[in-house]
Amino acid sequence: MAFDRMTKLSWIYDLYRLGQDGAISENTAAIYQQIIVHIVDGFEGKSGSLALRDANGVNLSIVAGIDLPDGVIGSAVKMGGGVLGWVAQEGKALLLNGDASNDSRFQRNREGRGAASTSVNSAICWPLKIEDRVIGAISVNRPNAAALFSETDLAQGTALLNMVSLALGNMQLHLDQNRRFEELRQVNAKLAEAQNQLLQSEKMASIGQLAAGVAHEINNPIGYVFSNLSTLEKYVQDVFSMVDAYEQAEGAIVDTVVRGQLQQKRESLDIVFLKDDLRALMEESKEGITRVKQIVQNLKDFSHVDVSDEWHFSDLIKGIDSTLNIVNNEIKYKAEVIKNYEDIPEVECLSSQLNQVF
């Protein structure tokens with residue numbers, strides 16, 4: 001290498017600084033490129049490439065380079081294939097001077113064209129190792145150069161590339177750590193989402209229990225009011241029958257004064273209107289109580305109070321109708337609901353949860 005001792009120390013320090021920057025930088029691609037540029041310049045090369053092993057260790061991935069064909073950076077090189085793959089697999093530095101395109105060692109893979117190509121004039125390729133573990137390979141090329149690389153260059157580079165290996169190893173550890181942090185963040189986010197869903201489920205369960213309790217409390221008085229209305233309707237019908245009998249017997253009363261009083265009373269009370277109106281009132285009251293009973297039943301269906309929280313077959317149309325009844329007060333002022341159901345079989349589901357979805 002053509003520098004004095006101070007320049008060499010400065011070059012080494014700059015290489016060390018790049019490694020330190022790489023350990024904290026988010027833009028690893030830029031650091032990789034800076035490292036290969038620094039090494040190629042230091043060895044007075046014209047081109048070069050940097051490849052690192054992937055996570056499973058099967059292939060190398062070319063992460064940076066100088067004067068490489070389009071598409072080479074980011075491509076994979078099989079372990080043992082091409083110069084980079086051979087150096088990474090063997091774990092040995094390699095000096096190539098002259099055309100090595102017919103070298104049998106590098107025939108297994110031709111994907112590394114431009115990355116330590118076998119047809120360059122002079123090239124050095126080193127394995128990147130941390131202790132005995134190979135993490136990648138790096139090459140420096142001098143295409144069509146008058147001065148070829150020497151064994152001294154190879155030896156000097158082997159010592160210096162230990163520092164590069166440590167720097168790149170630190171970068172990979174940093175990337176792995178960031179990846180694990182991101183995975184942990186995603187897991188925590190999923191846990192938080194699951195916790196929120198659980199809390200929401202508990203809230204809905206509480207609402208269901210409250211609705212069930214309210215429905216139960218309302219159902220009791222509604223039951224006897226409905227029963228009383230039915231009885232009262234029967235009594236009214238009986239009274240009307242008696243009034244009809246009196247009306248028919250009115251003509252048989254001999255006493256004209258009494259008969260006149262009865263006729264006057266009947267006319268003042270408007271018995272005909274009372275009979276019709278009482279029937280209508282009873283019918284409307286029964287219809288109102290029936291609607292209240294239906295709302296209570298819908299509330300029970302919505303809260304699913306009568307069925308354990310287990311999968312069972314349920315009528316979805318009935319579930320939609322009961323839910324629409326529950327939210328009718330919210331809908332009726334805003335929209336018109338048009339129902340267009342088709343026949344579907346019962347579906348195995350958790351009907352209370354489906355009603356809440358509806």
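Note that residues are indexed from 1 along each chain, following the sequence as it is written. Confidence filtering applies because this is a predicted model: local features only for residues at pLDDT of at least 70, side-chain atom pairs given and counted only at 80 or more, and all residues used for totals across whole chains, interfaces and linings. Where side-chain values are given, they derive from all heavy atoms of the structure, hydrogens and water being excluded.

(A) Inspection of the pattern of salt bridges at higher detail. Salt bridge, as used here: a side-chain nitrogen of Lys or Arg that lies within 4 Å of a carboxyl oxygen of Asp or Glu. According to the stated counting rule, one finds 7 salt bridges in the structure shown. Between Lys234 and Asp238 there is a salt bridge; the shortest N-O distance is 3.5 Å. Placement of the pair is Lys234 and Asp238 together in helix H4 (residues 151–249), with a separation of 4 residues, close to one helical turn. Per-residue accessibility, obtained with a 1.4 Å probe over protein chains only, is compared with the maximum for each type, and a residue is labelled buried under 20%, exposed over 50%, and partly exposed between these values. According to the relative accessible area criterion, Lys234 is exposed, its value standing at 52%. What makes Asp238 partly exposed here is its relative accessible area of 40%. Here a helix means four or more residues in a row that DSSP labels H or I, a strand means two or more in a row labelled E, and each is numbered from the N terminus.

(B) Representation of the nonpolar core. Counting residues in hydrophobic clusters, the biggest one holds 27 residues, and the most contacted among them are Ile39, Leu50, Leu128 and Leu168. Of the residues forming this core, the biggest block, 6 residues, is contributed by helix H2 (residues 28–42). Take the buried Ala, Val, Leu, Ile, Met, Phe, Trp, Tyr and Cys residues and link them wherever side-chain atoms come within 4.5 Å; each set so joined is a nonpolar core. In terms of nonpolar packing, the next biggest core, distinct from the first, is built from 18 residues, Val72, Leu84, Trp86 and Val87 among them.

(C) The packing of aromatic side chains, seen in detail. Pairing of aromatic rings covers Phe, Tyr and Trp, the last counted by its six-membered ring, and requires centre-to-centre distances within 6.5 Å; plane angles under 30 degrees mean stacked, over 60 mean edge-to-face, and any other angle means tilted. Under the counting rule described, the total for this entry stands at 1 aromatic pair. Ring centres of Phe43 and Trp126 lie 5.0 Å apart, and the angle between their planes is 50 degrees; this geometry places the pair in the tilted category. Placement of the pair is Phe43 in the loop between H2 and strand S1 (47–53) and Trp126 in strand S5 (residues 122–130), with a sequence separation of 83 residues. Just as Phe43 is buried, Trp126 falls in that class too. Here, over-ring charges are defined by two tests on the NZ atom of lysine or the CZ atom of arginine: distance to the ring centre within 6 Å, and angle to the ring normal within 35 degrees. Here the guanidinium or amino end of Lys293 rests over the ring plane of Phe226, the centre of that ring lying 4.5 Å away.

(D) Broad picture of the confidence of the model for the protein chain. Taken residue by residue, the protein chain gives an average pLDDT of 77. The fraction at 70 or more is 82%. Element-level pLDDT for the protein chain is lowest in helix H1 (residues 5–24), with a mean of 65, against a maximum mean of 90 in strand S8 (residues 347–349). Known as pLDDT, the predictor's per-residue confidence is scaled from 0 to 100.

(E) Inspection of the sheet that holds strand S3 (residues 76–78) at higher detail. Pairing between strands requires that DSSP locate at least two bridges from one strand to the other. The strand order across the open sheet built from 6 strands is S3-S2-S1-S6-S5-S4, with neighbouring strands paired in antiparallel fashion. With one partner strand each, in any of the chains shown, S3 and strand S4 (94–97) form the two edges of the open sheet. On average, adjacent strands in this sheet sit at an angle of 25 degrees to one another, irrespective of strand direction. With 3 bridges joining them, strand S2 (residues 59–66) and S3 adopt antiparallel strand pairing. Across the sheet, residue Leu60 finds its bridge partner in S3, namely Val77. Docked against the sheet, H2 engages S1, S2 and strand S6 (133–141), running at close to 65 degrees with respect to S2. Each axis is a line fitted through C-alpha atoms, and for a helix only the stretch in contact is used; angles between axes span 0 to 180 degrees, taken between their N-to-C directions. The contact definition used throughout considers only heavy atoms, calling two residues in contact when any of these lie within 4.5 Å.

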